[in-house]
Structures are given as C-alpha cells and as structure tokens.
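Commentary on secondary and tertiary structure
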Amino acid sequence: MEHAWYQDGLRFRCTRCGNCCTGAPGFVWVSEEEVSAIAQYRGKTKEQTEALYTRLCDNQRSLNEKANGDCVFYDRQAGCTIYPVRPRQCRTWPFWESNVATSEAWQKTCTVCPGAGHGELISEEEITRRINVIRL
C-alpha cells in the first residue's frame, strides 16, 4: 500500500476562529439528513429549515450566506450556532482532498487556518477517513 505524503500524520486543533465560516462566498453542501438534523436542533421543520437557510445549486443543497459572505449559522460573537450538528463539510475541515493533495496545499491551508499544523496529531488513516466523508 502506497502511503500519502502525510503518512506520519498532520496536526490540527480547531481554534473556533471562524475563518472557515466567513469571508468569500462559497458553498457548504448539505444532505437531506443534515438539513433534518439542523431543523431538529433549531426546533424547526425540515421544510422551514430548507426554505430559510438553504439554496438549490445544480440539484444540490448549500447553506445560505449572509450578505457579507458569512455562513448563515455563524455568529461573530457566539461562533457556529449549530456546532453539534454542523454539516460533514464543516466537521471534516481542514482534511479535504484539495487541502491535503500536496504538502504545498497543506502549507497554504495552514496560512488561513490557525489550527492547521498545531495541536493533536491526526493519523494518516483518520485523515483518509475524513477525506472520504465528502470530496472537496
């Protein structure tokens, strides 16, 4: 079995800084199950949650953004307001295929994410598992 360049693992500790939740517009893809979990957590129906907090893009659902590009569920004081049920895209950050494809890509990720490269050592096996949860 061939090992990835990060075969010795990579360090990461979420600092809850919000850099990955704010800034330039983008997409946070959500499944039907994730929309349902968010709805239950917020005490709304799935239909209300879908209508109020998501948009359809190429037959996929993405969370809405505020006018400034922040995630609709990110509060600058409180942080992520759905943290216990945050989507898999958020749960697997920064271990997205695009962020760990090369050591250079990882170094770039470390410049925008203060927790990347610090904290707990995440094994190659766990990184691969997270990459396979959602391909980004």
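Right above here is the structure, for reference.
For the chain, the helix and strand inventory stands at 6 helices and 7 strands. Ordered by position from N to C terminus, the α and β elements of the chain give β-β-α-α-β-β-β-β-α-α-α-β-α. For the chain, whose C-alpha radius of gyration is 16 Å, the value lies close to the compact-globule estimate of 14 Å for 136 residues. Principal-axis analysis of the C-alpha atoms places the extent of the chain at approximately 45 × 35 × 25 Å. For the chain, the proportion of its 136 residues judged to be buried stands at 38%. Computed over 17 positive and 17 negative side-chain charges, the inter-centroid distance for the chain is 7 Å.

Mapped onto the elements of the fold, N64 is located in the loop between β4 (60-63) and β5 (74-75). Sequence separation between N64 and A51 is 13 residues, and the spatial gap between their C-alpha atoms is 9.9 Å. Those residues in contact with N64, other than ones at most four positions away along the chain, are L52, Y53, T54, R55, C71 and V72. At 3.2 Å, the side chain of N64 forms a polar contact with the backbone oxygen of L52.

To continue, consider the side chain of T49. With respect to the element layout, T49 can be found in helix α2 (residues 46-53). Judged by its relative accessible area of 1%, T49 falls in the buried class. Those residues within four positions of T49 in sequence are excluded, and the remaining contacts are V35, I38, A39, K44 and T54.

Where charged atoms from two side chains of opposite charge approach closely, those side chains can pair. Within the structure shown, the criterion is met by 8 salt bridges. When the shortest N-O distance is used, the salt bridge between E32 and K46 registers 2.4 Å. Here the residue E32 occupies a position in helix α1 (residues 32-42), and K46 occupies one in helix α2, the gap between them amounting to 14 residues. Of the residues examined, K46 reaches a relative accessible area of 23% and is grouped as partly exposed. When the shortest N-O distance is used, the salt bridge between E50 and R61 registers 3.5 Å. Here E50 is found in helix α2, whereas its partner R61 is found in strand β4, with 11 residues between them in sequence. Across the pair, exposure class does not vary: E50 and R61 are buried alike.

Before going further, it helps to examine the packing of aromatic side chains. For the structure on display, the rule yields 6 aromatic pairs. Ring geometry for W5 versus Y6: centroids 5.5 Å apart, planes at 90 degrees, classification edge-to-face. Classification of W5 as partly exposed rests on a relative accessible area of 36%. Look at F27 and W29: their rings are 4.8 Å apart centre to centre, the planes differ by 5 degrees, and that puts the pair in the stacked class. Take F27: its relative accessible area is 43%, and that puts it in the partly exposed class. Taking NZ or CZ as reference, R16 lies 3.8 Å from the ring centre of Y83, over its face. For the cation-ring pair, R86 lies above Y83, with the distance from its terminal atom to the ring centre recorded as 3.8 Å.

In this structure, the amide linkage connecting W93 to the following residue, P94, adopts the cis form with an omega of 0 degrees. Locating P94 in the fold gives a position in the loop between α3 (88-91) and α4 (97-100). At R16, a residue that is not glycine, the phi angle is positive and equals roughly 60 degrees. A relative accessible area of 46% means that R16 is categorised as partly exposed.

Calculation criteria
Residues numbered from 1 in each chain as written. Predicted model: local features only at pLDDT ≥ 70, side-chain atom pairs only at ≥ 80, totals over all residues. Heavy atoms only, no water. Helix = DSSP H or I, 4+ residues; strand = E, 2+ residues; numbered from the N terminus. Rg over C-alpha atoms; globule rule 2.2 N^0.38 Å. Buried < 20%, exposed > 50% of the residue type's maximum accessible area, 1.4 Å probe, protein only. Lys, Arg positive; Asp, Glu negative; His and termini not counted. Charge placed at Lys NZ, Arg CZ, Asp CG, Glu CD. Contact = heavy atoms within 4.5 Å. Polar contact = N/O pair within 3.5 Å; in protein donor to acceptor, adjacent residues only side chain to side chain. Salt bridge = Lys/Arg side-chain N within 4 Å of Asp/Glu carboxyl O. Phe/Tyr/Trp six-rings, centres within 6.5 Å; stacked < 30°, edge-to-face > 60°. Lys NZ or Arg CZ within 6 Å of the ring centre and 35° of its normal.

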